[in-house]
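Close look at the chain arrangement
Okay, here's what each chain looks like letter by letter:
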Amino acid sequence: MDTADFWSLIERSAAATDNPVDRLDWLTEELSRLPVDEIIDFDVRLDEQRERADTWLMWAAALQICDGLCSDDGFWYFQLWLVGLGRQAFDLVAADPDALATVPAVQALVTADIGERTARWADGAWPSLEGLDDVAAQAYRRVTGCADDDEGFFELAEDRGHGGGSSPDPADVDWDHEDHAECVRRLPRVSAMFPLSARSVREERSRQAMAELLAESGQTEDEFFAEVFGARPDQGS
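Report on the accompanying structure. Here the structure is a predicted model, which is why all the values come from computation and not from measurement. (Residues numbered from 1 in each chain as written. Predicted model: local features only at pLDDT ≥ 70, side-chain atom pairs only at ≥ 80, totals over all residues. Heavy atoms only, no water.)

A word on the overall build of the protein chain
The following threshold applies: The way it works is that DSSP assigns letters per residue, a run of H or I at least four long becomes a helix, a run of E at least two long becomes a strand, and they are numbered from the N terminus. Between buried and exposed lies partly exposed: a residue is buried under 20% and exposed over 50% of the maximum accessible area for its type, with that area taken using a 1.4 Å probe on protein chains only. Throughout, a contact is declared for two residues whenever any of their heavy atoms are within 4.5 Å. Computed with a 1.4 Å probe, the accessible areas rest on the Shrake-Rupley method; for each residue, only the protein chains presented here act as cover.
Regarding its fold elements, the protein chain presents 13 helices and 0 strands. Buried positions account for 40% of the 237 residues belonging to the protein chain. Long-range pairs, those at least 24 residues apart, make up 71% of the contacts in the protein chain with a sequence separation of at least 6. When the accessible area of the protein chain is evaluated, it comes to approximately 12,500 Å², of which 48% is carbon and sulfur surface.

In structure tokens form, the structure reads like this:
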């Protein structure tokens, strides 16, 4: 599977359905019809394309669009969402993240009320395509019958120099994404289209979100972080 074949599958999946879950199922089914080598090829091509969007400038653009709600996981899924937009849009924004402002799928995320932007995004509208990086592994399990063992899949991908990652690793130089003037200079169109809420507003929103999460889980904050990280981030392991 070459790059053109990869993009053909991505774009055919978008044409098949606009439901993200159904789209991933469609891709898994299509990949399951292919030989193992081509399934691995898909994973390698996905990694190659995603890495083109793995920059601090793109992360800053994602932070603007998501009003600051873009953690490591969030940016990883944002990169996959960009791939899901198709080759033409992806090539455009990978070359110039500020060109996100011209992409219809991004323009559709604009809301009149800045502070309520992300809250008003309908289910499935968040710029995230979590699970796209797992469809090849799922197809591999189906084809090989290895229901729970991904070791062979990841070994094959790693033999090609890919696979195994799950966190962004931008290669360019980091900078202060809270510096409004610098954001405007580097991302003039995105910054104008998606101005950040005040930092105090975003911090309060994060506190409220954490409180709601803890209430739903019935956990204390220490219990939550112990489950997620093994310890609080500031306590080490």
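Here's the deal with a negative patch on the surface
Quick note on the threshold: Any residue with relative accessible area above 30% and no salt bridge may belong to a patch, with like charges joined within 9 Å and the nonpolar Val, Leu, Ile, Met, Phe, Trp and Tyr side chains within 5 Å. Salt bridges, as used here, are contacts in which a Lys or Arg side-chain nitrogen is within 4 Å of a carboxyl oxygen on Asp or Glu. The sign given to each residue is positive for Lys and Arg and negative for Asp and Glu; His and the chain ends receive no count. Think of each charge as sitting on NZ of Lys, CZ of Arg, CG of Asp or CD of Glu.
Where like charges cluster on the molecular surface, the negative patch consists of Asp 172, Asp 174, Asp 176 and Asp 179. Along the chain, the position of Asp 176 falls in the loop between helix H9 (151–159) and helix H10 (180–186).

Some remarks on the pattern of salt bridges
In total, this model carries 15 salt bridges according to the counting rule given. A salt bridge links Asp 47 to Arg 50, with the nearest nitrogen and oxygen atoms 3.3 Å apart. Taken as a pair, Asp 47 and Arg 50 lie in helix H3 (residues 36–52) at a separation of 3 residues, close to a single helical turn. Here Asp 47 and Arg 50 have matching classes, each one buried. Connected via shared salt-bridge partners are Arg 12, Glu 29, Glu 30, Arg 33 and Arg 142.

Here we look at the packing of helix H1 (residues 3–16) against helix H2 (residues 20–31)
Using the following cut-off: Each axis is a line fitted through C-alpha atoms, taken for helices only over the stretch in contact, and angles between the N-to-C directions span 0 to 180 degrees. Oblique is the label for any angle not under 35 degrees, not over 145, and not in the 65 to 115 range, which are roughly parallel, roughly antiparallel and roughly perpendicular in turn. Should the near helix be turned anticlockwise from the far one by less than a right angle, the crossing is left-handed, and should it be turned clockwise, the crossing is right-handed.
Interhelical geometry of H1 versus H2 gives an angle of 130° and a closest axis separation of 9 Å. Here H1 lies oblique to H2, going by the angle between them. The way H1 lies across H2 gives a crossing that is right-handed. Along the contact surface, H1 presents Leu 9, Ile 10, Arg 12, Ser 13, Ala 14 and Ala 16, while H2 presents Arg 23, Trp 26, Leu 27, Glu 30 and Leu 31.

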